[in-house]
Amino acid sequence: MDSSQLWNNRYSEETYAYGVAPNAFFAEQLENFPKGKILLPAEGQGRNAVYASKLGWEVYAFDHSEVGREKALKLAEEESVSIIYDVMAFEHLSLTPDRYDMAALIYAHPPVELRSKLHQGIVQALKPGGILLLEAFHKDQLGNTSGGPKNLPMLFSEEEMANDFEGMEIISLEKVEVELEEGPYHQGTAKVIRLIARKPEEQREDA
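Conventions and cut-offs
- Residues numbered from 1 in each chain as written.
- Predicted model: local features only at pLDDT ≥ 70, side-chain atom pairs only at ≥ 80, totals over all residues.
- Heavy atoms only, no water.
- Helix = DSSP H or I, 4+ residues; strand = E, 2+ residues; numbered from the N terminus.
- Rg over C-alpha atoms; globule rule 2.2 N^0.38 Å.
- Buried < 20%, exposed > 50% of the residue type's maximum accessible area, 1.4 Å probe, protein only.
- Contact = heavy atoms within 4.5 Å.
- Areas by Shrake-Rupley, 256 points an atom, 1.4 Å probe, with all protein chains shown as cover.
- Lys, Arg positive; Asp, Glu negative; His and termini not counted.
- Charge placed at Lys NZ, Arg CZ, Asp CG, Glu CD.
- Pairing = 2+ DSSP bridges.
- Axes fitted to C-alpha atoms, helices over the stretch in contact; angles between N-to-C directions.
- Salt bridge = Lys/Arg side-chain N within 4 Å of Asp/Glu carboxyl O.
- 1 Å grid on protein atoms, 1.4 Å probe; cavity = no way out; pocket = protein on both sides within 12 Å on 5 of 7 lines; lining within 4 Å.
- Points joined across faces, edges and corners; volume = space filled by probe spheres on them.
- Nonpolar A, V, L, I, M, F, W, Y, C, P; charged D, E, K, R; others polar.
- Core = buried A, V, L, I, M, F, W, Y, C linked by side-chain atoms within 4.5 Å.
- Polar contact = N/O pair within 3.5 Å; in protein donor to acceptor, adjacent residues only side chain to side chain.

Chemist: How should I be thinking about the overall build of the protein in this particular structure?
Modeler: When you go through the protein residue by residue, the secondary structure sums to six helices and seven strands. Reading the secondary structure of the protein in the N-to-C direction produces α-α-β-α-β-α-β-β-α-β-α-β-β. Against the compact-globule benchmark of 17 Å for 207 residues, the protein has a radius of gyration of 16 Å, which places it among compact chains. When the 207 residues of the protein are sorted by exposure, 51% land in the buried category. Residue pairs in contact within the protein that sit at least 24 positions apart in sequence constitute 69% of those at least 6 positions apart. Roughly 10300 Å² of accessible area belongs to the protein as shown, and the carbon and sulfur atoms make up 46% of that amount. Distance from the positive charge centre (20 side chains) to the negative charge centre (35 side chains) of the protein: 1 Å.

Chemist: What exactly am I supposed to notice about the sheet that holds strand β5 (residues 126-137) here?
Modeler: Within a beta sheet, neighbouring strands are joined by backbone hydrogen bonds and run either parallel or antiparallel to one another. The strand order β3-β2-β1-β4-β5-β7-β6 describes an open sheet built from seven strands, whose pairing is mixed. Edge positions in the open sheet fall to β3 (84-87) and β6 (169-182), since each of these has one partner strand only. Taking the axes of each pair of neighbouring strands and ignoring which way they run, one obtains an average angle of 15° across the sheet. In terms of strand pairing, β6 meets strand β7 (residues 186-198) through 13 bridges, oriented antiparallel. Considered in β7, the bridge of Val-178 is made with Ala-190.

Chemist: Looking at this structure, I do not really get the pattern of salt bridges. What am I missing?
Modeler: If the charged atoms of two oppositely charged side chains come close together, the side chains can form a pair. Scanning the entire structure with this criterion turns up 11 salt bridges. Note that Glu-79 is salt-bridged to Lys-54, the shortest N-O span being 3.1 Å. Here the residue Glu-79 occupies a position in the loop between α4 (66-78) and β3, and Lys-54 occupies one in helix α3 (residues 47-55), the gap between them amounting to 25 residues. Relative accessible area serves as the criterion here: at 48%, Lys-54 is assigned to the partly exposed category.

Chemist: Help me out: how do you make sense of the layout of surface pockets in this one?
Modeler: Empty space among the atoms becomes visible once a probe the size of a water molecule is rolled across them. The space that makes up the largest pocket amounts to roughly 760 Å³. Around the largest pocket sit 35 residues that line it, and Trp-7, Tyr-11, Tyr-18, Tyr-107 and His-109 are the ones nearest its centre. At the level of elements, α1 (3-11), α3 and β2 (58-63) are the ones that each hand at least two residues to the lining of the largest pocket. Taken together, the residues of the lining of the largest pocket break down into 19 nonpolar, 11 polar and five charged.

Chemist: Would you mind showing me how to read the nonpolar core here?
Modeler: Membership of the largest hydrophobic core comes to 33 residues, with the highest contact counts inside it found for Phe-26, Ile-38, Leu-40, Val-59, Met-102 and Leu-133. Core analysis: the next-biggest nonpolar cluster, separate from the first, contains 28 residues, Leu-118, Val-123, Ala-125 and Ala-136 among them.

Chemist: Just checking my understanding: could you explain the side chain of His-109 for this structure?
Modeler: Its location among the elements puts His-109 in the loop between β4 (100-106) and α5 (112-125). Reaching out from His-109, the side chain makes a polar contact with the backbone nitrogen of Phe-137 at a distance of 3.1 Å. At a separation of 2.8 Å, a polar atom in the side chain of His-109 contacts the main-chain carbonyl oxygen of Met-154. Other than its neighbours up to four places away in sequence, His-109 contacts Ala-136, Phe-137, Pro-149, Met-154, Leu-155 and Phe-156.

Below you can see the structure in the form of structure tokens.
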């Protein structure tokens, strides 16, 4: 079974796999920045996209699951908001440079060989001064039953994130223990990595 089919199967279940409430870190951080255009890769069933739209953000999301997109658009309709949501696989990533005021990677664990390329593509898509938010499972999560990939290379470390987002101004990068309560697939104590970073403003060349 390929990855898209796995996620289509999961998202076809009656309940929302990770709930309909936004990720707590994501929701908290949105309050700290002025509204604008936000990019949400690997957005799944739309919980974060719909929440951001309700707050007044202009939302562009993508995922490689057709079923995820359908559930996200259904949730958006139920909440009377509008989101743009495309179906796009990580390996076919194509984003407009300097377009978004914020990008948020919430539990986006791409194949290891694509991770750095994906992360750099998202950096390029941010406007100068744009904000990156990331919450994902730390390598210390391996062995916990609260969710996430079951192979170590797909989990993240502080060093890997610092390298992937080299050139960004790191505001905060830390490992945190949290209690997840996000639908049936994120439940219990988890070790996560959280990153807040800013894309540097363009520097004017000396005359």
